[in-house]
Amino acid sequence: MTDRLDRWADPPLLVLASLADEPKHGYAITQDVAETMGVRISAGTLYAVIARLEARGLIEPLESDDRRRPYRITAAGAEVLAQESERMSKVASVARERLRIRLGWAGA
Amino acid sequence: MSGTVDPGRPRDPGHQGPPRRRASLLARPFLARPFLTRIALALYPPSWRARYGDEVLMLVEDSGGRLREVASVAWRALPAWLCPPRHLHDRSARMRSSLGTALLSWSMLAGLGLVFAQLTQLQGLTAPGHPEVSWAYAVFDVALAVSALVAGLGGLPLWLLMLRRARREQRTRDLAYLLLPVAGPVVYVAGLAVTARLAGGPQGVSPAGFAGLALAGFAAAAISAAGPGLALRRLRPRGPALRLAATAAGVSAAVTAVAATAIAVAITGLCLAQRHVAGYVSPVLVIYLVPVAAAATVTVVSAARGARAARAARAEA
């Protein structure tokens, strides 16, 4: 059950979401994800995700003179992120509605 | 998470990192030095390391160089080998590299298996009441022969292709490398015959002499197998012959895994049934399993990666 709940913090989605507004390098991504989404991504996990996303054409590296290479989301990556966001939004909406009926949850 | 301003999220994301920490060494948590990160990165495939290594080094440094960051880098090396990112693939290079490694480890495995099978069988080590041990020897013989045949037939076109090119371009060194699989065994067998004639008595060679000859055999096998690997690296062949050789190596490695399993069965059977016979004790035989398992693993993993690259290259062609 815990594993399934962890799917909400799927690192590829977190990275795509972090890059949705502007290009960022590795350290900036980890800081942004930690501060805005409350999830800590380790260096090993981040670059495993970056390699996978780059292989699928969802992000692309930008030229840099520094060793901190920035990445930006591609059109395909933005589309995937939009679809996943929509799906998660629907799930969240259903969950909120049902919790409201069942528990009178004020957060709905 | 933390409420501090994020210095690592600049408008110009490529040129700004976090502020450098100036706390004294004692005031900081235990920090990993960059060499530990380099060691962790050394666990990755070369293509991955070349593409992302510098960036990971910078990220670990920017994150404070904590050991848990280094550990996470090391931990992720295994998936990088098992599922290497597609955009880093140079399929021909993968096939060449896998072929060279698989050939070397296969020759070691074949040598280990042959020495074990010959030594134990010649000394009459049997396991009464355990027919699976004699079956294991038979399975090993057949599997090794099939494996060698498949690898030989599949690799022959590539070998001939490289040989022709080396002759045409008068690449003497590559020609020598390519002829090592033929010259190595011939020289070894000739040396063996001469040694047996000069040093062998009615009881054969001494145990020390046998160990020396066995080691020389392994050295000859390694040199013979390394030759084509070096030629592959220098001549960089591509195309159908390379794909055929990589596919054949994959099939050969699968059969070799059967041979290695048979040896493991024979060793286990002898350990259970033949304790303290003919100078052997169980731990010695069990220790023999370690290099057999290591060589079999390297052979199968390398050949599987080469065969996978060949399949992908064929699909792309």
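Residues numbered from 1 in each chain as written. Chains lettered and ligands numbered in written order. Predicted model: local features only at pLDDT ≥ 70, side-chain atom pairs only at ≥ 80, totals over all residues.

1. With respect to the overall build of chain A
Secondary structure summary: chain A contains five helices and two strands in total. Starting at the N terminus and ending at the C terminus, chain A contains elements arranged as α-α-α-α-β-β-α. Across the 108 residues in chain A, those meeting the buried criterion constitute 33%. Of all intrachain contacts in chain A linking residues separated by at least 6 positions in sequence, the fraction that spans at least 24 positions is 45%. (Helix = DSSP H or I, 4+ residues; strand = E, 2+ residues; numbered from the N terminus. Buried ≥ 20, exposed ≤ 12 C-beta atoms within 10 Å, placed from the backbone. Contact = placed C-beta atoms within 7 Å.)

2. Some words on the overall build of chain B
Helices and strands together make up the secondary structure of chain B, namely 10 helices and zero strands. Secondary structure elements in chain B, listed N-terminal to C-terminal, are α-α-α-α-α-α-α-α-α-α. Considering only intrachain contacts with a sequence separation of at least 6, the fraction spanning at least 24 residues in chain B is 85%.

3. A short note on unusual backbone geometry
Residues and elements named next belong to chain B. Phi is positive for Gln170, close to 50°, though the residue is something other than glycine. Along the chain, Gln170 turns up in the loop between α6 (131-168) and α7 (172-199). With 8 C-beta atoms packed within 10 Å, Gln170 lands in the exposed category. For Arg236, which is not glycine, the phi dihedral falls at a positive 45°. Assessed through the 12 C-beta atoms surrounding it within 10 Å, Arg236 is described here as exposed.

4. Remarks on the nonpolar core
All names here are of chain B. One finds Leu99, Leu109, Phe140, Ala246, Ala249, Ile263 and Ala266 to be the most contacted residues of the largest nonpolar core, which totals 54 residues. Breaking this core down by element, the ones donating at least two residues are α5 (91-122), α6, α7, α8 (207-235), α9 (240-273) and α10 (282-316). With near-sequence residues (within four places) excluded, Ala246 lies in contact with Met95, Ser98, Leu99, Gly306, Ala307, Ala309 and Ala310. (Core = buried A, V, L, I, M, F, W, Y, C linked by C-beta atoms within 7 Å.)

5. Notes on the environment of Ala273(B)
All names here are of chain B. Within the secondary structure layout, Ala273 lies in helix α9. On the basis of neighbour count, Ala273 is assigned to the partly exposed category, with 15 C-beta atoms found within 10 Å. It is 9.8 Å that separates the C-alpha atoms of Ala273 and Val133, two residues lying 140 residues apart in sequence.

6. Points about the packing of helix α2 (residues 11-19) of chain A against helix α4 (residues 43-55) of chain A
Helix-helix packing is characterised by the crossing angle of the two axes and by the distance between the axes. All names here are of chain A. Packing of α2 against α4 leaves a shortest axis separation of 10 Å and a crossing angle of 75°. What the angle tells us is that α2 and α4 run roughly perpendicular. Packed against α2, whose contacting residues are Pro11, Pro12 and Val15, the element α4 presents Thr45, Val49, Ile50, Arg52 and Leu53 at the interface. A per-class count over the contact of α2 with α4 returns six nonpolar, one polar and one charged. (Axes fitted to C-alpha atoms, helices over the stretch in contact; angles between N-to-C directions. Parallel < 35°, antiparallel > 145°, perpendicular 65-115°, else oblique. Nonpolar A, V, L, I, M, F, W, Y, C, P; charged D, E, K, R; others polar.)

7. Re the interface of chain B and chain A
Listed per partner, the contact involves 30 residues of chain B and 30 residues of chain A. Where the side of chain B that touches chain A is concerned, the elements lending two or more residues are α2 (46-62), α3 (67-75) and α4 (77-82) of chain B. No other element matches α2(B), which puts nine residues into the side of chain B that touches chain A. In terms of residue class, the side of chain B that touches chain A is built from 14 nonpolar, seven polar and nine charged.

8. As for the environment of Asp21(A)
Tracing the backbone through its elements, the reader meets Asp21(A) in the loop between α2 and α3 (26-37). Between the C-alpha atoms of Asp21(A) and Ile73(A), which are 52 residues apart in sequence, the distance is 8.7 Å.

9. Digging into α6(B)
Residue and element names in this part refer to chain B. Taking 1.5 Å of rise per residue, 38 residues should cover 56 Å, and α6 covers 54 Å from first to last C-alpha, within 8% of that figure. In α6, a bend of some 40° at Leu156 exceeds every other bend along the element, and Pro157, a proline, comes one to four places later. Gln170, located one to two residues past α6, shows a positive phi value of around 50°. (Expected span 1.5 Å × (residues − 1). Bend = angle between axes of the 7 residues up to and from the residue.)

10. Observations concerning the environment of Ala214(B)
Among the structural elements, Ala214(B) can be located in helix α8. Separated by 99 residues in sequence, Ala214(B) and Val115(B) have C-alpha atoms that sit 7.7 Å apart.

11. Comments concerning the confidence of the model for chain B
All names here are of chain B. For chain B, mean pLDDT is 81; residues scoring 70 or higher make up 81% of the total. Across chain B, the element-wise mean pLDDT spans from 83 in α10 up to 92 in α3. Below a pLDDT of 50 lies the segment residues 1-16, which in the model reaches 33 contacts outside its immediate sequence neighbourhood of four places, other chains included. Counting interchain partners and residues more than four positions distant, the pLDDT-below-50 stretch residues 21-29 has four contacts. Across the interfaces of the predicted complex, the ipTM metric reaches 0.84, alongside a pTM of 0.57. (pLDDT = per-residue confidence, 0-100.)

12. Points about the packing of α2(A) against helix α5 (residues 75-103) of chain A
All names here are of chain A. Running from N to C, α2 and α5 point in directions that differ by 115°, and their axes come no closer than 10 Å. Comparing the axis directions of α2 and α5 gives the class roughly perpendicular. Regarding α2 and α5, the two cross each other, and that crossing is left-handed. In contact with Leu13, Leu16 and Ala17 of α2, α5 contributes Gly77, Val80, Leu81 and Glu84. Of the residues assigned to the contact of α2 with α5, the class counts are five nonpolar, one polar and one charged. (Left-handed = near helix turned anticlockwise from the far one by under 90°.)

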